[in-house]
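An overview of the molecular structure
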Amino acid sequence: MFSSKEMPSPSSLFSAYASMTASIMLFRSMANDIIPYPIRNYLVTSLGYLFKPRSRLLTLVMEESNGMVRNQVYDASEVYLCTKISPDTERLKVSKTPREKNLTIRLEKGEKIFDLFEGVELKWRFVCAEAEKGNNPNDQVVARAEKRSFELSFDKKYKGLVLGSYVPFVLERAKAIRDQQRILKMYTLSTQGYMGMMWDSINLEHPATFETLAMDPKLKNDVMEDLDRFVKRKGFYKKVGKAWKRGYLLYGPPGTGKSSLVAAMANHLKFDVYDLQLVNIMGDYDLRRLLLSTGNRSILVIEDIDCSIDLPDRRHAPDGRKQPEHHVQLTLSGLLNFIDGLWSSCGDERIIVFTTNHKDRLDPALLRPGRMDMHIHMSYCNPQGFKLLASNYLGIHGYHHLFGEIEGLLQDTEVSPAQVAEELMKSEDPDIALGGLVKLLKRKKLEGDGPVDKDGKTVGIREVKRQKVETKGKPVRMSRRKVNRRRNI
Ligand SMILES: Nc1ncnc2c1ncn2[C@@H]1O[C@H](COP(=O)(O)OP(=O)(O)OP(=O)(O)O)[C@@H](O)[C@H]1O
Ligand SMILES: [Mg+2]
């Protein structure tokens with residue numbers, strides 16, 4: 001229009017602008033007349049969508065719990081990301097308990113981690129938000145707590161790869177790391193969750209293993225084989241249409257290793273332990289919620305079932321006083337139905353263990369064939385068990401001049417492995433420790449052994465048996481020592 005040398009005059013610029021504006025207006029009014037409104041609207045929206053700047057990133061959010069149930073992807077991510085900490089990471093949480101070999105390292109709020117998977121860049125972020133104050137089902141306002149999640153961002157076009165390969169890879173790696181590091185968890189009930197009673201975990205550091213456990217060798221072998229068979233039979237359980245679960249009832253006098261056996265099972269299978277204290281549970285609703293939020297590859301333990309669930313008389317204390325109202329909702333049938341039904345249809349590789357000192361006091365519903373797959377009797381220390389304890393505690397693997405006498409005394413004395421272990425720990429000198437054990441065994445033989453009666457006096461076996469018959473059916477109170485020991489399992 002204009003040669004490069006001469007500049008357009010303002011009047012010619014103005015007339016060009018005016019004619020262009022007139023053309024646009026003409027075109028708009030023609031378009032408005034010719035193109036119907038819905039099509040016009042569609043075109044405008046589509047063009048707007050095409051030209052709008054959009055994020056190429058997709059973010060997956062993995063919250064710590066999925067409603068009532070713990071989110072396994074969250075747990076796995078936490079373990080996996082510990083192996084991915086780079087020099088760029090600025091803040092980490094570090095902890096170690098006295099018994100742990102290694103430091104436990106976790107990300108701090110807001111920290112980012114970068115990962116590469118099959119050439120795809122992935123960005124992780126740890127997010128902590130304050131959870132809203134809520135009411136639990138029993139209308140109790142509970143404390144605020146953090147709501148934690150991981151966010152995983154990556155290019156949208158890799159959605160298939162991330163969901164189909166990377167996330168399963170993270171789950172797999174986390175399982176391998178956990179197995180290798182043996183970071184087992186022990187879950188107990190706590191009231192700090194924002195949903196009311198929740199599981200709280202610590203690392204399971206119980207050192208008991210099948211090697212250190214003094215029990216009948218054949219029985220020990222049977223239990224180990226049963227466990228190994230159980231974990232290998234995923235396909236079998238599926239084929240026969242049975243839930244992949246196994247139940248064990250451990251019974252026997254105090255201090256014979258029932259809780260230790262649970263820990264040995266957990267260490268052997270590398271399963272987490274959930275210690276369900278029924279005394280803390282408000283009712284069937286709570287029970288259902290808590291059992292649903294347990295993880296796979298776990299052992300659910302209900303200790304001292306005869307003491308903690310003296311049903312259906314739960315409403316009344318032994319002296320006839322009325323118990324707090326919220327306890328009455330929990331029923332044995334609720335518990336058993338749950339085990340048979342809901343719990344059986346969700347989750348895999350679950351073991352349930354009941355322990356009791358008094359098998360004879362248990363409700364027949366619990367002992368019915370098929371309810372518990374194996375009944376395991378833990379009994380007093382025999383000469384074989386003693387030798388194992390002597391080797392573990394004192395390092396005596398062969399002969400000691402007091403062995404003969406001790407083995408003779410053990411034949412007709414009822415002493416628990418816990419009592420033997422206590423004596424053996426009193427000195428590092430085998431002569432002193434074993435000498436102490438001989439004294440204890442002789443004393444017990446003279447006294448006829450037995451726990452203390454209600455006045456604190458030691459009573460003989462016959463007396464204990466008589467008292468057992470008299471108190472049969474009455475609820476039993478747990479001793480403080482036992483309560484403390486249970487907290488330690
Ligand atoms: N069979 C055993 N082999 C090795 N140690 C044992 C055995 N039984 C008990 N002990 C020792 O005694 C301690 C207490 O035992 P444990 O708590 O396992 O007994 P329990 O049968 O669960 O008793 P309770 O009926 O009172 O709950 C254990 O920590 C362990 O040191
Ligand atoms: Mg126990």
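Residues numbered from 1 in each chain as written. Chains lettered and ligands numbered in written order. Predicted model: local features only at pLDDT ≥ 70, side-chain atom pairs only at ≥ 80, totals over all residues.

Worth spelling out the cut-off: UniProt positions are given in the numbering used here, feature names are shortened, and annotations may be inferred rather than shown by experiment.
The name recorded for the protein in an unreviewed UniProt entry is AAA+ ATPase domain-containing protein, from Gossypium raimondii. Recorded in UniProt for the protein, the comment headed Sequence similarities (unreviewed entry) runs: "Belongs to the AAA ATPase family. BCS1 subfamily." The protein has a UniProt comment under Catalytic activity (unreviewed entry) that states "ATP + H2O = ADP + phosphate + H(+)".

**Observations regarding the overall build of the protein**
The cut-off we apply is this: Going along the chain from the N terminus, every DSSP run of H or I of four or more residues is numbered as a helix, and every run of E of two or more is numbered as a strand. In this description, a residue-residue contact is defined by the distance between C-beta atoms placed from the backbone, which must lie within 7 Å.
What the protein contains, in helices and strands, is 18 helices and 15 strands. Of all intrachain contacts in the protein linking residues separated by at least 6 positions in sequence, the fraction that spans at least 24 positions is 71%.

**Description of the packing of helix 13 (residues 383-394) against helix 15 (residues 417-424)**
In a pair of packed helices, the angle between the axes and the distance between the axes together describe the arrangement. Inclusion rule: With axes taken as lines fitted to C-alpha atoms, and helix axes fitted only over the stretch in contact, angles between N-to-C directions fall between 0 and 180 degrees. In this scheme the handedness of a crossing depends on how the near helix is turned from the far one: anticlockwise by less than a right angle means left-handed, clockwise means right-handed. Three residue categories are used. Nonpolar comprises Ala, Val, Leu, Ile, Met, Phe, Trp, Tyr, Cys and Pro, charged comprises Asp, Glu, Lys and Arg, and polar comprises the others, including Gly.
Contact geometry of helix 13 with helix 15 gives a least axis separation of 10 Å together with a crossing angle of 35°. The element helix 13 and its partner helix 15 pack so that their crossing is right-handed. Touching Gly-385, Phe-386, Leu-389, Ala-390, Tyr-393 and Leu-394 of helix 13 are Pro-417, Val-420, Ala-421 and Leu-424, all from helix 15. Here the contact of helix 13 with helix 15 is built from residues that sort into nine nonpolar, one polar and no charged.

**Observations concerning the site of ligand 1**
Here is the rule: Only the C-beta atom matters for this test: placed from the backbone, it must lie within 6 Å of a molecule or strand for the residue to be near it. What marks off one domain from the next here is an automatic or database domain assignment.
Among the 18 residues in the neighbourhood of ligand 1, the closest are listed as Gly-257, Ser-259, Ser-260, Pro-417 and Ala-418. The residue makeup of the shell around ligand 1 includes at least three contributed by each of domain 2 (202-379) and domain 3 (388-480).

**Section: the packing of helix 14 (residues 403-411) against helix 16 (residues 430-447)**
As a reminder, the rule being used: Any angle that is under 35 degrees is reported as roughly parallel, and any over 145 degrees as roughly antiparallel; angles of 65 to 115 degrees are reported as roughly perpendicular and all others as oblique.
Axis separation between helix 14 and helix 16 bottoms out at 10 Å; the angle between their running directions is 25°. Looking at the two axes, helix 14 sits roughly parallel to helix 16. Every pair of crossing elements has a handedness; the one defined by helix 14 and helix 16 is left-handed. Contact with helix 14, carried on its side by Glu-405, Ile-406, Leu-409 and Leu-410, involves Leu-434, Leu-437, Val-438, Leu-441, Lys-442 and Lys-445 of helix 16 and no other residues of that element. Residue classes in the contact of helix 14 with helix 16 are distributed as seven nonpolar, no polar and three charged.

**Concerning the pairing of strand 14 (residues 350-356)**
Put simply, the rule reads: The burial criterion counts other C-beta atoms lying within 10 Å of a residue's C-beta, which is placed from the backbone; the residue is buried at 20 or more, exposed at 12 or fewer, and partly exposed between these limits. DSSP-based pairing: two strands are paired if at least 2 bridges between them are found.
Along strand 14, seven of the seven residues are buried, which leaves the element largely enclosed by surrounding structure. Taking every second residue as pointing to the same face, both faces of strand 14 are buried, with Arg-350, Ile-352, Phe-354 and Thr-356 on one and Ile-351, Val-353 and Thr-355 on the other. Where strand 13 (residues 298-302) meets strand 14, five bridges bridge the pair, whose relative direction is parallel. Paired with Ile-299 across the two strands is Ile-351, which belongs to strand 14.

**Quick notes on the pairing of strand 6 (residues 112-117)**
Direction of pairing for strand 6 relative to strand 7 (residues 120-130): antiparallel, over a ladder of six bridges. Paired with Leu-116 across the strands is Glu-121, a residue of strand 7. Hairpin geometry of strand 6 and strand 7 is characterised by an intervening segment of two residues between the two adjacent antiparallel strands and by a positive phi of about 45° at Glu-118.

**Points about the nonpolar core**
This is how the line gets drawn: For the purposes of this analysis, a nonpolar core is taken to be any set of buried Ala, Val, Leu, Ile, Met, Phe, Trp, Tyr and Cys residues that are connected through C-beta atoms within 7 Å.
Grouped together as the largest cluster of nonpolar side chains are 58 residues, with contacts concentrated most on Val-262, Ala-266, Val-273, Ile-299 and Val-353. Here this core gets seven residues from one element, more than from any other, and that element is helix 7 (residues 258-269). Taken domain by domain, this core gets at least three of its residues from each of domain 2 (202-379) and domain 3 (388-480). Excluding residues within four positions of it along the chain, Val-273 makes contact with Met-186, Tyr-187, Leu-204, Val-262, Ala-266, Ser-298, Ile-299 and Val-301.

**Comments concerning unusual backbone geometry**
A positive phi angle, close to 50°, is found at Arg-297, a residue other than glycine. Within the chain, Asp-304 stands out as a residue other than glycine whose phi angle is a positive 45°. Its location among the elements puts Asp-304 in the loop between strand 13 and helix 9 (305-308).

**Focus on the sheet that holds strand 6**
Taken in spatial order, the four strands line up as 1-8-7-6 in an open sheet, and their pairing is antiparallel. Because the sheet does not close on itself, it has two edges, and the strands there are strand 1 (57-63) and strand 6. In this sheet, adjacent strand axes meet at a mean angle of 25° when their direction is disregarded. Pairing of strand 7 with strand 8 (residues 146-155), which is carried by eight bridges, proceeds in the antiparallel orientation. Note on strand 8: the bridge partner recorded for Glu-130 is Glu-146. Across the sheet, helix 3 (residues 72-81) touches strand 1, strand 6, strand 7 and strand 8, and the angle it forms with strand 1 is around 105°.

**Comments concerning helix 13**
As a reminder of what qualifies: By this rule the span expected of a helix is its residue count minus one, scaled by 1.5 Å. Here, the arc refers to the directions that run from the helix axis to the C-beta atoms.
With twelve residues, helix 13 should cover 16 Å at 1.5 Å per step; its first-to-last C-alpha distance of 16 Å lies within 8% of that length. Listed as buried for helix 13 are Gly-385, Phe-386, Leu-389 and Ala-390. Burial along helix 13 is one-sided: seen end-on, the buried residues are contained in an arc of 140°. Those residues of helix 13 that are buried lie in contact with helix 14 and helix 15. Two residues or fewer after helix 13 comes Gly-395, characterised by a positive phi angle close to 70°.

**Quick word on the environment of Gly-408**
Structurally, Gly-408 can be placed in helix 14. Judged by the 12 C-beta atoms lying within 10 Å of it, Gly-408 is exposed.

**Details of the environment of Glu-422**
By the secondary structure assignment, Glu-422 is in helix 15. Separated by 15 residues in the primary sequence, Glu-422 and Leu-437 have C-alpha atoms spaced 9.1 Å apart.

**A short note on the environment of Lys-156**
Following the sequence through the fold, Lys-156 ends up in the loop between strand 8 and helix 4 (159-181). On the basis of neighbour counts, which here come to 13 C-beta atoms within 10 Å, the residue Lys-156 falls in the partly exposed class. Considered as a pair, Lys-156 and Ser-55 are 101 residues apart in the sequence and their alpha carbons are 8.8 Å apart.

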